[in-house]
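Results of the structural survey
Below are the chains, spelled out letter by letter.
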Amino acid sequence: MSENNNSIYSKGLIFTVVALVVILIGTIVTVFVPMMTSAMHPKLSNMQENPYTPLQLAGRDVYQKEGCINCHSQTVRPLKADVLRYGEISQPGESAFERPFLWGSKRTGPDLARVGGVYSDEWQKAHMINPQHFFPSSNMPKYPWLAEKKLDPATVEKHAKAYGLNYKPEDITALENATELDALVAYLQQLGIYVENTHAIKADEAAFENATNPNLNNPEKIARGEEIYNLLCIGCHAENGKGQAEGYDLTNLTFAEALPDYTDGMIFLTIANGLEGAMPGHLKIMTKDDIWSVAAYVKTLAK
Amino acid sequence: MKEISGDSKIVMGYIYSALFWGVIGLVLGLLISAQMWSVSFNFGEYFSFGRLRTVHTNMLAYGLGITAEMGAFYYIIGRLTKRNLIFPGLAKFQLVFYNLVVLVGMISLFMGYTQSLEYAEGEWYFDLGVVVSWVLFAINVVGTILTRKEKHMYVSLWYILATIVAVAVLYIVNNLHIIAGLGKSYHLFAGLNSANVEWWYGHNAVGFLFTTPILAVFYYFLPKSTGMPIYSHRLSILSFWSLIFMYLWTGAHHLVYTPLPDWLQTLGIVFTILLIAPSWGSVVNGYLTLAPDWSKLRTAYLAKFFIAGITFYGLQTLQGPTQGLRAVSSLIHYTDWVPGHVHMGTMGWVVLTVTAAIYYITSKVYKTEIYSESIANIHFWLVLIGQIGFSITMWITGIRQGLMWKTANADGTLQYSFIETVVGNYPYWMARSAFGVIFIVGMLFFLYNFIMTIVKGKQNLSNQ
C-alpha cells in the first residue's frame, strides 16, 4: 500500500468527490455540451411540428410495447449496401420528434426506416398476423392479438399530451373502432415518408417495355425462376400463381378485357420496379437474368 | 456457535436473490435463443420474442448482476474496513425492497411496459424503485467506508466507490422521462440527443455494472483465494483513474454510421481505442499476480476461474474497440456478432468471476471447505465450453450475415434477399442453443455445489 499516510487513498470522501469529477468530464463534453449545439437539434423543412396522426402515435406505442426494436433497426447507414437494400440514407432531422429514438441495434429482421408505402395496408396486416404465410421460413412471431385489441381513445389522448402533441377532439373520437393492428400499420406506413429516395434502383421503362424474354422455354432458367418464386413470390401470389387476397392471380395475365395482354417487358418491369403501395420492386436484390427467369416461370403458369 | 453473523446473513440473502433471478433469466435466455430458429417457441403475447428478450437482459442485469454485486460489495467492505455494516437493518430492508422492485419491473416488462432504451427498458416506477434502492445501498456502502477502522482503502474500495457514483449519475440522467400514464413514459430527450444520452448510458452501464464492480471483486478475491498479493499497486492506480476517466467518452461507438454528428462518433471511437490501455492494465496486473507461481492454477481451484475470467475481460476489451472502428462496424453492426461479443463478457468474465467469489464467500461465511472441488471443476469447464461455443457460433454467423447483406451481383444489384440471409443463420442459432444448454448445465452444477456447501456448513455449525 501507499507509503504516504495522507494520500487520497486514505480519505474516503475526497476520493469519492474526485472520482465523481473525473466521471463528469467525459459526460459533459460528449453529452451535455453537444446538447447546446444546433447540430444536435436538426429539423426537416417538410416535416410539421406534429408529425403523427393520433392513429400513428398509438401505433408507435404498440411498436414499443411489442419490442419490435429488438429485431428491427430504423437507420439506413451511409453505406452502398444499406442504401441499395433499404433506400435513402437516414437524415438527422427525421428523428427530431422521436421520444425515444427508435434506431435499434439489431437486424434480425430488415431495417424499417423506409418501409412506409412499400407494401399495402392489407399486406402489412396479414403479414403481422401470420408472417410465415408470406415467408414460410421467417422467424418473426405472429401477432394475432393486435387485431383483437381495440384502442382506448382516452389513453391515446393522454399519451399524446405527454408527447407534446395536441389533437382535435374529433380526431381522437375517430379512433373508437380502431385496433392496435390498424395503429401499428398506420405507424409503419409513415416511416421514411419525409425523405425522397434518390438512389432507388429502377429499370428503365422505355428500355424494357418491348423487350423479349431471353429465358423463355429454357428449362434451366425456368427452374431457377421457380426456385426464386417459391422463396419470394409465393407468399402473396400463392402456389402456382393462383393468387389470393394479397396478390394477383398470375395464371391469367390478360386481366380486364379492356387492357392489353401483359407483354414480357411489362412482366419484367412489374417484378423489377414493383407497384407503388402494393408490391415492392425486386431489381435491387435480383439480377436482370433472374428476373427474366421468374418471368419465364410465371409464363408457364398461364392457364 | 450455531449461526453465522448478522452481516453474513445479509450477504447470503443477496446471493440467494441473485441466483433466483439468475436461474429464471438463463432459462428465458435459452427460450429466446430457440425462438430465433423456430417461430413455434413463441407462446402468445407474453412469451413472444419482442417482450422476452427485454425480460432476459433486464432480469440478468438487475436481478442477477446487480444483486450479486451488492452482496459481494457488502462482504468485501466488511473485510476491508474491518468493521460491521453501519446500518445492517437498512441493508436488510434494501434487500427486500430491491427484490420487490425487480419483481414489479419484470412483470411490467412481460406486459409490454417499456421505455425502449436498451438496458433501461423498465418504466418510470421501476426507475424510481432502482434509484431508491441504489441510494440506500450508497448510504450503507459509503457510510461504512467513511467510518472504517483501516486507514487505507484497498483497490477494491476504489472501484466500489466509483461504481456507486457513476451508476447514480448514468441511471438518473438517462431515465429522465415525461410520464404519460401508469405504464407509459417518453424520453425527456428527443432525436439525436435521445440516442446520444441512451448510448452514453448504455455503454457505461456495461462499464460500471459489468466492469468496475467485477474488477472490485477480482482485485479482492484473486489474492485471497491464491494467497498471492496483487502484482503492482502503481499499475492499479494508473488503471483505475484512466479507466473511469475514459469510459464516459465512448458511448457514441454504438452509433457509428447513424445520423449522429461525425465528430461525436469519431471522438467515441478514439476513446474506445484508448480504453484498451487501462483495461489491459488490470489484465496484466492479474496475470503477473500469479506469475511467481503458476502452479496455483492447479492447486488453488478458484485461481483458474479468476484467470480465465480476466482473460475474457482482456479479449472483450480488445474485441470491443475493434468493433468500434468504422470499417469493422460496417460489417458486423446489427448482426449476431454483437450478442456474441456481449455474451463473452457476461458469460465469461462476469459469471466466472462472480461464481468463484460466491464459492469463496460461502465457504468463508460457513467456515468450511467447499462441498466438492471436482464439481467446481466440472462447473468451470462446462461454463467455459458453453460460453466459447456460444460466442464463436455468433461471430461466424455475424460475419456471414454481414457479408451476405453486402454481396453484390456483377451488375451492382444485391445478391441476397433479406429472408435468405436470415435462413442462413438457423444452423448457427441452433448450435448457439446447444451451447446454451451446456452453459446452463454447468450453472446447475454450480448451484448444486453452492447449496451442498451451505448444507455442510450448517451441519458443522450445529455440531459445534
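Residues numbered from 1 in each chain as written. Chains lettered and ligands numbered in written order. Predicted model: local features only at pLDDT ≥ 70, side-chain atom pairs only at ≥ 80, totals over all residues. Heavy atoms only, no water.

Topic: the overall build of chain A
The number of helices and strands found in chain A is 13 helices and zero strands. Written out in order from the N terminus, the α and β elements of chain A read α-α-α-α-α-α-α-α-α-α-α-α-α. Here the C-alpha radius of gyration of chain A, 26 Å, is well above what a compact globule of 303 residues would show, namely 19 Å. Referenced to the eigenvectors of the C-alpha coordinate spread, the extents of chain A come out at roughly 95 × 55 × 35 Å. (Helix = DSSP H or I, 4+ residues; strand = E, 2+ residues; numbered from the N terminus. Rg over C-alpha atoms; globule rule 2.2 N^0.38 Å.)

Quick notes on empty space enclosed by the protein
As enumerated under the stated definition, the model contains five cavities of 30 Å³ or more in all. Put simply, the largest cavity is a space of about 280 Å³. In terms of lining, the largest cavity is formed by 19 residues, of which the most central are Gln74, Glu94, Glu98, Leu191 and Gly192 of chain A. Classifying every residue of the lining of the largest cavity by side-chain character gives 10 nonpolar, six polar and three charged. In this structure, the second largest cavity encloses a volume near 70 Å³. Taken together, Ile15, Ala68, Glu69, Gly71, Ala72, Val217, Val354, Ala357, Ile358 and Ile361 of chain B make up the full set of residues lining the second largest cavity. Those elements that provide at least two residues to the lining of the second largest cavity are α2 (49-80) and α14 (337-365) of chain B. Within the lining of the second largest cavity, the residues separate by chemical class into eight nonpolar, one polar and one charged. Counting contributing residues per domain, the lining of the second largest cavity is built from domain 1 (1-188) and domain 2 (252-464) of chain B, each supplying no fewer than three. (1 Å grid on protein atoms, 1.4 Å probe; cavity = no way out; pocket = protein on both sides within 12 Å on 5 of 7 lines; lining within 4 Å. Points joined across faces, edges and corners; volume = space filled by probe spheres on them. Nonpolar A, V, L, I, M, F, W, Y, C, P; charged D, E, K, R; others polar. Domains from an automatic or database assignment.)

Things to note about the interface of chain B and chain A
The interface of chain B with chain A comprises 96 residues on the first partner and 90 residues on the second. Between chain B and chain A, roughly 8100 Å² of surface is buried when both sides are summed, and carbon and sulfur atoms account for 67% of that area. Put simply, chain B and chain A have four salt bridges between them. With a shortest N-O distance of 2.6 Å, Lys149 of chain A and Glu45 of chain B are connected by a salt bridge. Taken together, the links from chain B to chain A amount to 33 residue pairs in polar contact (both at pLDDT 80 or more). Broken down by element, the side of chain B that touches chain A gets its largest block of residues, 11 residues, from helix α6 (residues 191-209) of chain B. Class assignment of the residues belonging to the side of chain B that touches chain A gives a composition of 55 nonpolar, 29 polar and 12 charged. (Contact = heavy atoms within 4.5 Å. Buried area = accessible area lost by both parts, 1.4 Å probe. Salt bridge = Lys/Arg side-chain N within 4 Å of Asp/Glu carboxyl O. Polar contact = N/O pair within 3.5 Å; in protein donor to acceptor, adjacent residues only side chain to side chain.)

Remarks on the domain arrangement of chain A
Residue and element names in this part refer to chain A. In terms of domains, chain A is made up of domain 1 (8-40), domain 2 (54-189) and domain 3 (205-300). Between the C-alpha centres of domain 2 and domain 3 the distance comes to 29 Å. Roughly 980 Å² of surface becomes buried between domain 2 and domain 3 when both sides are summed, with 58% attributable to carbon and sulfur atoms. Counting the contacts that link domain 2 with domain 3 gives zero salt bridges. At the boundary of domain 2 and domain 3, one finds two residue pairs in polar contact (both at pLDDT 80 or more). Of the residues that constitute the side of domain 2 that touches domain 3, the class distribution is seven nonpolar, three polar and one charged.

A few points about a nonpolar patch on the surface
Together, Phe43, Tyr46, Phe47, Val96, Leu100, Leu103, Ile107 and Met111 of chain B make up an exposed nonpolar region whose accessible area comes to about 730 Å². Tracing the sequence through the fold places Leu100 of chain B in helix α3 (residues 88-110). (Patch = residues over 30% accessible without salt bridge, like charges linked within 9 Å, V, L, I, M, F, W, Y side chains within 5 Å. Areas by Shrake-Rupley, 256 points an atom, 1.4 Å probe, with all protein chains shown as cover.)

Points about unusual backbone geometry
Cis geometry marks the peptide bond from Arg99 of chain A to Pro100 of chain A; its omega dihedral reads -10 degrees. Counting through the fold element by element, Pro100 of chain A comes out in the loop between α3 (80-86) and α4 (121-129). Positioned with a positive phi, Ala238 of chain A is a non-glycine residue whose angle comes to about 65 degrees. For Ala238 of chain A, the position within the fold is in the loop between α11 (219-237) and α12 (264-273). Positive phi values are uncommon outside glycine, yet Tyr334 of chain B reaches one of about 75 degrees. Among the structural elements, Tyr334 of chain B can be located in the loop between α13 (326-332) and α14.

Some points on the packing of helix α7 (residues 212-226) of chain B against helix α10 (residues 276-290) of chain B
All names here are of chain B. Direction vectors running N to C along α7 and α10 enclose 5 degrees, while the axes themselves pass 11 Å from each other. Taken as axis vectors, α7 and α10 run roughly parallel relative to one another. Counted together, Leu215, Phe218, Tyr219, Leu222 and Thr226 of α7 and Ser282, Asn285, Gly286, Thr289 and Leu290 of α10 form the full contact between these two elements. Grouping the constituent residues of the contact of α7 with α10 by class yields five nonpolar, five polar and no charged. (Axes fitted to C-alpha atoms, helices over the stretch in contact; angles between N-to-C directions. Parallel < 35°, antiparallel > 145°, perpendicular 65-115°, else oblique.)

Remarks on the environment of Val118 of chain A
With respect to the helices and strands, Val118 of chain A occurs in the loop between α3 and α4. Taking the C-alpha atoms as reference points, Val118 of chain A and Ala162 of chain A, separated by 44 residues in sequence, lie 31 Å from one another.

What to know about the pattern of salt bridges
Throughout the structure, instances matching the rule amount to 20 salt bridges over all chains. Across the salt bridge formed by Lys106 of chain A and Asp336 of chain B, the nearest N and O atoms sit 3.2 Å from each other. A residue pair is termed interchain when its members come from two chains, as with Lys106 of chain A in the loop between α3 and α4 and Asp336 of chain B in the loop between α13 and α14. Relative accessible area serves as the criterion here: at 10%, Lys106 of chain A is assigned to the buried category. We classify Asp336 of chain B as buried; its relative accessible area is 1%. A salt bridge links Glu157 of chain A to Lys161 of chain A; its shortest N-O distance comes to 4.0 Å. Of this pair, Glu157 of chain A and Lys161 of chain A both sit in helix α7 (residues 153-163), separated by four residues, roughly a single helical turn. Several salt bridges share partner residues, and in doing so they unite Glu66 and Lys149 of chain A together with Glu45 and Arg51 of chain B into one network. (Buried < 20%, exposed > 50% of the residue type's maximum accessible area, 1.4 Å probe, protein only.)

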